[in-house]
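Architecture and fold: a report
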Amino acid sequence: MRRGRLGGGLAALALVAGFAGAVLVAAPASAHDYVVSTTPKADTTADAAVPTVDVTFDDVVLDPQHDGSTTVLQVTDPSGKHFETSCPAVSGRQISVPTALGDAGAYTVTWRIVSADGHPVSGTFGFEYRPPSGTTSAAGQAASPCGGSTAQAGAATATKANGSSAVSPGVVVGIVVAVVVLAAVVAVLLTRRARRSLDAAPDAAADGAPDDAPQAPGE
Ligand SMILES: [Cu+2]
């Protein structure tokens, strides 16, 4: 019985230690999709029509709803107007959105995807638009035609500029420390409990003894 209790404590400790180990091993193993190419190319000048904006990644883009709803791809001018004309489409490693650009000038592309490992990744890039004279320029829209607000996309972008990684080493260390502390507390509590039950019941027969009075300072 008492052996069992101590054994249980050790088992719990082993479990928690194992979990800590798993966190340590799993954290560095995850890799996020990164951008391998875009249309138009980032930081270049597009001197012809730009019918679509595409972003291609090194790995598949997850689309769990099969409707692109977890993907954001927006094209805005410096005033914040939107020039994408529908929701983005996901195809393998590429996301794409049709566009009707406005006046010549600077445009910003804001994207967010669910990476192949299931984590959200986001980023932005810019390009310059210098269409041939006579090209019709679209007026743009105040909001995304896809319903997702700029605020949402912006917030997602702010947390992870350029689609670089998510879990910082500091967080991992913090989790591991917390788990180890928790394990120590559990071990101490279980040991103390087992010891107390030993004190309370000196002979094996009285295992189910109800109240242990020894701790009371005297009535
Ligand atoms: Cu990840």
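Residues numbered from 1 in each chain as written. Predicted model: local features only at pLDDT ≥ 70, side-chain atom pairs only at ≥ 80, totals over all residues. Heavy atoms only, no water.

**A few points about the pairing of strand β4 (residues 72-76)**
On any regular strand, side chains alternate: one points to one face of the sheet, the next to the other face. Counting buried positions along β4 yields 5 of 5 residues, so the element is predominantly enclosed. With 5 bridges joining them, β4 and strand β7 (residues 105-114) adopt antiparallel strand pairing. Among the inter-strand pairings, V75 is bridged to a residue of β7, identified as V109. (Buried < 20%, exposed > 50% of the residue type's maximum accessible area, 1.4 Å probe, protein only. Helix = DSSP H or I, 4+ residues; strand = E, 2+ residues; numbered from the N terminus. Pairing = 2+ DSSP bridges.)

**Some details on the pattern of salt bridges**
For the structure on display, the rule yields 1 salt bridge. The residue R130 makes a salt bridge to E128 at a minimum N-O spacing of 3.0 Å. (Salt bridge = Lys/Arg side-chain N within 4 Å of Asp/Glu carboxyl O.)

**Here's the deal with the confidence of the model for the protein chain**
Across the protein chain, the average pLDDT comes to 76, with 58% of residues at or above 70. When the criterion is pLDDT under 50, residues 149-166 qualifies, and its contacts beyond four places in sequence or with other chains add up to 31 contacts. Scored below 50 in pLDDT, residues 204-210 makes 4 contacts in the model with residues more than four places away or belonging to other chains. (pLDDT = per-residue confidence, 0-100. Contact = heavy atoms within 4.5 Å.)

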